[in-house]
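# Notes for the structure review
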Amino acid sequence: MDMVHLLARAVCLQELVPEAVEGTTNVTTAAADAGVRRVVFTSSYGAVHMDPNRSPDTVVDEACWSDYDYCKQTGVLYCCAKMMAEVAATEEAARRGLELAVVVPATTIGPALQQTLNFSSDHVARYLTGAKPAYQNVVTAYIDVRDVARAHALVYEHPDACGHRYLCVSAVLHRAHFVRLLKDLYPQYPVTAKCEDDGKPMARE
């Protein structure tokens, strides 16, 4: 990647947080102006799990938040953007008297509406085709997109759902387990088989 593309990417990343906050505030305001009573906001597991100081034994639940400073320092601005957007939605909903429920899905996989790959499906495709030479020694939470859709409908319809966050996680898998599943499902593909940290202890699920 040349310097021009690197600079352009850096600018785009820096714009993630203000754009996420502005977009969320605009949509929440428009909903209130239109007389909408209840809003379901889609947050992200990225707003919850990124905290290097959290013990592996800690149960991650709806009370957990990612460490904003850590995400910013390590360049994971997507997580920063999702955190600040959720805060903006909560504050604007309170200001305008809207009922707000927050769905917090993990890495979302499953059937896509669009023909192109998004980040989550590209994550699968790179392992499926062997384009990624080695998988990371990490643990990831997953959810099927159809379950995420059901969760949105449930919290929209349930009278006591407002004012709460709802984690959407169906499986927590080490990346080794994930690629084994891909290999079992699609034996005809050259699924990535090597771990970046060969010889080191596996990250705990």
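What counts, and at which threshold
For every chain, the first residue of the written sequence is number 1, and numbering continues from 1 along that sequence. Thresholds applied to this predicted model are a pLDDT of at least 70 for local features of residues and 80 or more for the giving and counting of side-chain atom pairs; totals over whole chains, interfaces and linings are not thresholded and use all residues. Computation of side-chain values covers all heavy atoms of the structure but excludes hydrogens and water. Should DSSP find at least two bridges between two strands, the strands are taken to pair. In this description a helix means any DSSP run of H or I spanning at least four residues, a strand means any run of E spanning at least two, and both kinds are numbered starting from the N terminus. Simply put, an axis is a line fit to the C-alpha atoms, just over the touching stretch for a helix, and the angle between two N-to-C directions goes from 0 to 180 degrees. Residue contacts are counted whenever heavy atoms from the two residues lie within 4.5 Å of one another. Either an automatic procedure or a domain database provided the assignment from which the domain bounds are taken. Simply put, the buried area is the total loss of 1.4 Å probe accessible area from both parts when two parts are fitted together. Definition used for salt bridges: Asp or Glu carboxyl oxygen within 4 Å of a side-chain nitrogen of Lys or Arg. Under this definition, polar contacts are N or O atom pairs within 3.5 Å; protein pairs additionally need one hydrogen-donor-capable and one acceptor-capable atom, and for neighbouring residues in sequence, both atoms have to be side-chain atoms. Helices are assigned an expected span. That span is 1.5 Å times one less than the residue count. Burial status follows relative accessibility: with a 1.4 Å probe on protein chains alone, a residue under 20% of its type maximum counts as buried, one over 50% as exposed, and anything between as partly exposed. Relevant arc is that of directions from the helix axis to the C-beta atoms, nothing else.

### Here's the deal with the sheet that holds strand E7 (residues 171-174)
Sheet architecture is open: three strands sit in the order E3-E5-E7, paired in mixed fashion. At either margin of the open sheet sits one strand with a lone partner, and together these are strand E3 (107-109) and E7. When strand polarity is set aside, the average angle formed by the axes of neighbouring strands in this sheet is 40°. Of the strand pairs in this sheet, strand E5 (residues 139-144) and E7 are connected by four bridges, and their pairing is antiparallel. Directly across from Ala 141, in E7, lies its bridge partner Val 172. Relative to the sheet, helix H5 (residues 145-157) contacts E3 and E5, its axis offset from that of E5 by approximately 65°.

### Quick notes on the domain arrangement of the chain
When cut into domains, the chain gives domain 1 (1-105) and domain 2 (109-160 + 170-204). With nine residues of domain 1 at the contact, the number on the domain 2 side is eleven residues. Summing both partners gives a buried area of about 800 Å² for domain 1 against domain 2, and 64% of it is carried by carbon and sulfur. For domain 1, the biggest contributors to the area lost against domain 2 are Arg 38, Val 40 and Val 103; these three give 56% of the whole. The tally of links from domain 1 across to domain 2 stands at zero salt bridges. The tally of links between domain 1 and domain 2 comes to five residue pairs in polar contact (both at pLDDT 80 or more). Put simply, the parts of the chain that give the side of domain 1 that touches domain 2 at least two residues each are strand E1 (38-42) and strand E2 (99-105).

### Points about H5
Between the first and last C-alpha of H5 there are 19 Å, a value that for 13 residues agrees with the 18 Å anticipated at 1.5 Å per step. Listed in full, the buried residues belonging to H5 are Val 148, Ala 151, His 152 and Val 155. With its buried residues spanning 100° around the axis, H5 presents them on a single face. Exposed positions of H5 whose direction lies more than 90 degrees from the buried face are Leu 154 and Glu 157. Of the surrounding secondary structure, the elements contacted by the buried residues of H5 are E1, E2, E3, E5 and strand E6 (165-168). Measuring from the side-chain oxygen of the N-cap residue of H5 to the backbone nitrogen of Arg 146 gives 2.7 Å; that N-cap residue is Asp 144.

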